[in-house]
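Geometric and topological summary
This is what each chain is made of:
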Amino acid sequence: MATARDRRAAVSALHRVGLIIKPTGIVGRVRPAGRRRTMKVRPSGRKPLLVTVLVFPGVRLLDVTGPIEVFTSANDFGGRYRVRMVSADGADVVTAAGTGLRVDLAAGQVQETSDVVVIPGGPEWPSLIKDDFLLDAVRVLDSRSRCTASICTGAFLLAAAGLLDGRKATTHWRFADQLALRYPQVTVEADALFVRDGHIMTSAGVSSGIDLSLALVEEHLGADVARAVAKDMVVFMQRPGGQSQFSVRTHSPRARPEMLRRVLDAVAEDPSAPHTLTTMARRAGVSTRHMTRLFHDEMTTTPARYVEQVRMEAAQAMLEGGDDPMATVARRTGFGSPESLRRAFIRNLGITPGTYRARFRTTDAAGATQHA
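Below is a short write-up of the structure. No experiment lies behind these values; they were computed from the predicted model shown. Here the residue numbering is sequential within each chain, running from 1 through the sequence in written order. Only residues with pLDDT of at least 70 get local features here, since the model is predicted, and only at 80 or more are side-chain atom pairs given and counted; chain-wide, interface and lining totals rely on the full set of residues. Hydrogens and water are ignored here; the side-chain numbers use all heavy atoms of the structure.

1. Focus: the nonpolar core
Counted only if it meets this: We call a set of buried Ala, Val, Leu, Ile, Met, Phe, Trp, Tyr and Cys residues a nonpolar core when their side-chain atoms join them within 4.5 Å. For the exposure calls, accessible area comes from a 1.4 Å probe over protein chains only, and a residue counts as buried if that area is under 20% of its type's maximum, exposed if over 50%, partly exposed in between. Residues count as neighbours in contact if any of their non-hydrogen atoms are within 4.5 Å of one another.
Membership of the largest hydrophobic core comes to 69 residues, with the highest contact counts inside it found for Val53, Val55 and Leu157. Those residues in contact with Leu157 that sit more than four places away from it in its chain are Phe56, Ile119, Pro120, Leu128, Ile129, Leu134, Leu135 and Val138. Grouped together as the second largest cluster of nonpolar side chains are 15 residues, Ala281, Ala284, Val286 and Tyr306 included.

2. Topic: the pattern of salt bridges
Note the following rule: Each reported salt bridge corresponds to a side-chain nitrogen of Lys or Arg within 4 Å of a carboxyl oxygen of Asp or Glu. Numbering of helices and strands runs from the N terminus; a helix is a DSSP stretch of H or I covering at least four residues, while a strand is a stretch of E covering at least two.
Counted according to the given criterion, the structure contains eleven salt bridges. Of the charged contacts, one joins Arg102 and Asp92 as a salt bridge, the two residues approaching to 3.0 Å between their closest N and O atoms. Of the two residues, Arg102 sits in the loop between strand 6 (100-101) and strand 7 (105-106) while Asp92 sits in the loop between strand 4 (81-87) and strand 5 (93-94), which places them ten residues apart along the sequence. Given the relative accessible area of 28%, Arg102 is considered partly exposed. Among the ionic pairs, Arg146 bridges to Asp115, the shortest N-O distance being 3.1 Å. A residue pair is termed long-range when its members are at least 10 positions apart, and Arg146 in the loop between helix 4 (132-143) and strand 9 (148-150) and Asp115 in the loop between strand 7 and strand 8 (116-119) qualify at 31 residues. Connected through shared salt-bridge partners, Arg82, Arg84 and Glu112 make up one network.

3. Topic: the pairing of strand 12 (residues 194-197)
The line we're drawing: DSSP-based pairing: two strands are paired if at least 2 bridges between them are found.
Here four bridges tie strand 12 to strand 13 (residues 200-203), and the two strands are oriented antiparallel to one another. Residue Val195 lies in a different strand from strand 13, and its bridge partner there is Thr202. Linking strand 12 back to strand 13 in an antiparallel pair, the connection comprises two residues, with Gly198 at a positive phi of about 70 degrees.

The values are spatial; any link to function lies outside them.
And the structure:
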């Protein structure tokens, strides 16, 4: 679900390409919005890089505006991107958020080769993959593109169009299993933020389209420009870890027994406390054997594994938001020592805490798959 901050970012992106939201909720093209006064580098005289975004009724708004914001922000730092929106029939569309988008032309009218074609997703993807007219538009745009990139469930459109056959790909973690099941000829990298295979790129859920777009900016214009855009947008240059970074309590099943909920709350409130199996069982008033069974039945994990996940999340938050020494991070999050913290990060994310903290270095765009 898009947050209020996501929606504000989406509106900002529309302003940046000369689009405003009218009182009726329809987006119309008007006199281009003024550039910010913080323009760092004037664009050179080279030919603009063309970005074509396919939109359709029910498209997810942030899937469209997230990449647009990245590419148009790059213009403030020496880039020259030209962004246009197309639909299958050339008609304007209304997004899943209820916002109207003004379309420039139909997919069949596209003549120029695009440097990037963006295929966003939408909540109604099961019906979209049955829309032959839309899938034909995807194929036409891909045939006239140097790079075709999907956002979130947009990967299903690429797969339904036959463009992912024999390729590696990713999508939102919630739908990765369905992508693999429906299209067995696609190798699904479920935890990747984005995957490149040939000229096709696929990204995970919603905001990962920003990660993918930053990687393309780095490829086109260099790491310095991509880093400047990331800092300007206050986002990761390369987000450490994969899709497994979402909140432990958010994605964990809701425990039914009140005694177990008390234990989970205690772990979340103070990860540094000694949450051994014995102390958790004592808090719940049950035996250690019964506590282990409760975690297995209700949380599909072990008590020790759950505690480590909560501590990992707390450590990630400290590393992202401060400059505390590793010894302090380890102590406050329950790992005890920097070495224990390091082993946990390597075991869970495949990187060290120091690497996790270094988040504004590079998108590592040359890599085929962006993992932890």
